[in-house]
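Report on the structure
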Amino acid sequence: MSATGSSNPEYVNARVSARRATLFDEEDYRKLVRMSPDEITRYMEESTYQGPINRLGSRFSGVDLLEYGLNAGLAETFDELLAWADGRLYEQVARYLRKFDAWNVKTVVRGVYADADTEAVEDDLIHAGEFDDTFLDQLVEAESIEVIVDLLDGTIFGDALAAAAEEYEETGTLVPLENAIDRAYYENLFEGVTSASGAGPESAYAEYLQAEIDFRNARNALRLARSGAEIDPAEYYIEGGALFDPDELSALSRDTEQLVERIRESRYGDELSTALDDLAEADSLIEFEQALDAALLEHARNAAHAHPMSVCPVIAFVLAKEREADNIRAIARGKEAGLDPDDIRAELVVR
């Protein structure tokens, strides 16, 4: 609808509740893991992805059809969220969905860095943010980081990327650029959000955003520590979280066990006890990041349950829908690669 008029959380969250009931569950994933890619496609035709799969079926097949169908399904679902919302709720949802603009910018930056084929880059785009198809095509066709930076001038990412470009040239790594994209997104997201120290729906949303930033900082710090690069995680700290300060995060990035305990002793500890156990038992960075994703999903659901008349149920649904698409994508790719079903199941995040 629009950012004008009164907010309508009752209506939107009723619609979201109905949509949550259509999300794939553990039984669906158990079935999919036993299927071939073609069988997965047919199964998807009986789900909320029916429209995109049918529309794209004449142009693509196999895993390619699933990839495009999943991304198109996400875009359609999130466009519906915006169509339902009005007033303040619309503004909050629209700002949050700019995460897909951030995703797409990072995707094209990685594509240039890796000299990837434009079709491969296009496969990974999710048309669910504010950037239209024409602008995304321009980004995909960019042949250098400099051109991408120029194209993004005037967007929420422009100034941050321009400032990070010099460091990228010096280090030869994508970390400065990707972190600049994340920082720009979260700074924009927090504009106008009530402090988390208060009470009520606005504060609940601010508290959730703090959790997302805390978990993003933890993930980034661990990636930097495991990369072996001579980069202090404190230099890439994202402001807005509540759990770490830059120096503390830098120290904890070198000790996963202490990092888990720091989260366990925080305000997230009680509600995330199961997820934190998974974090502690993770044997690799991938498993650790999967456990962080599960913890954030759990935190979002708890916030949605506690504040049903806020934007929190919408955000929880967005995260759950993203995770559904990621799980289906992991299953399809794993089946195509001939992975063992147990190995595929290990890549799924189901909460």
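Note that the structure is predicted; figures quoted are calculated from it, not measured.

**Observations regarding helix α1 (residues 9-20)**
- With 12 residues, α1 extends 16 Å between its outermost C-alpha atoms, agreeing within 8% with the 16 Å of an ideal straight helix rising 1.5 Å per residue.
- Considering only its buried residues, α1 is in contact with α5 (62-84), α6 (87-96) and α18 (312-336).

**Digging into the packing of α1 against α5**
- Relative to each other, α1 and α5 sit at 155 degrees, their axes nearing to 9 Å. Classified by the angle between their axes, α1 and α5 sit roughly antiparallel to one another. Remark: the crossing between α1 and α5 carries right-handed chirality. Note on element contacts: α5 touches α1 through Thr77, Glu80, Leu81 and Trp84, opposite Tyr11, Val12, Arg15, Val16 and Arg19.
- Tallied by class, residues from the contact of α1 with α5 come to five nonpolar, one polar and three charged.

**Digging into unusual backbone geometry**
- Notably, Asp115 is not glycine yet its phi reads approximately 55 degrees, a positive angle.
- Looking at where Asp115 falls in the secondary structure, it is placed in the loop between α7 (99-113) and α8 (118-123).

**Section: helix α3 (residues 37-44)**
- For α3, the complete set of buried residues consists of Ile40, Thr41 and Met44. Taken down its axis, α3 places every buried residue within 100 degrees of arc, on the same side.
- The inward-facing, buried residues of α3 contact α2 (26-33), α4 (50-56), α5 and α18.

**Some details on the nonpolar core**
- Core analysis: the largest hydrophobic core is formed by 115 residues, its most contacted members being Met44, Leu81, Tyr96, Phe157, Tyr205 and Phe244.
- The element that contributes the greatest number of residues to this core is α18, accounting for 13 residues.
- For Tyr96, the contacting residues outside a window of four places in its chain are Tyr185, Leu189, Tyr205, Tyr208, Leu209, Glu212, Ile315, Val318 and Leu319.

Scoring rules and cut-offs
Residues numbered from 1 in each chain as written. Predicted model: local features only at pLDDT ≥ 70, side-chain atom pairs only at ≥ 80, totals over all residues. Heavy atoms only, no water. Helix = DSSP H or I, 4+ residues; strand = E, 2+ residues; numbered from the N terminus. Expected span 1.5 Å × (residues − 1). Contact = heavy atoms within 4.5 Å. Axes fitted to C-alpha atoms, helices over the stretch in contact; angles between N-to-C directions. Parallel < 35°, antiparallel > 145°, perpendicular 65-115°, else oblique. Left-handed = near helix turned anticlockwise from the far one by under 90°. Nonpolar A, V, L, I, M, F, W, Y, C, P; charged D, E, K, R; others polar. Buried < 20%, exposed > 50% of the residue type's maximum accessible area, 1.4 Å probe, protein only. Arc of directions from axis to C-beta. Core = buried A, V, L, I, M, F, W, Y, C linked by side-chain atoms within 4.5 Å.

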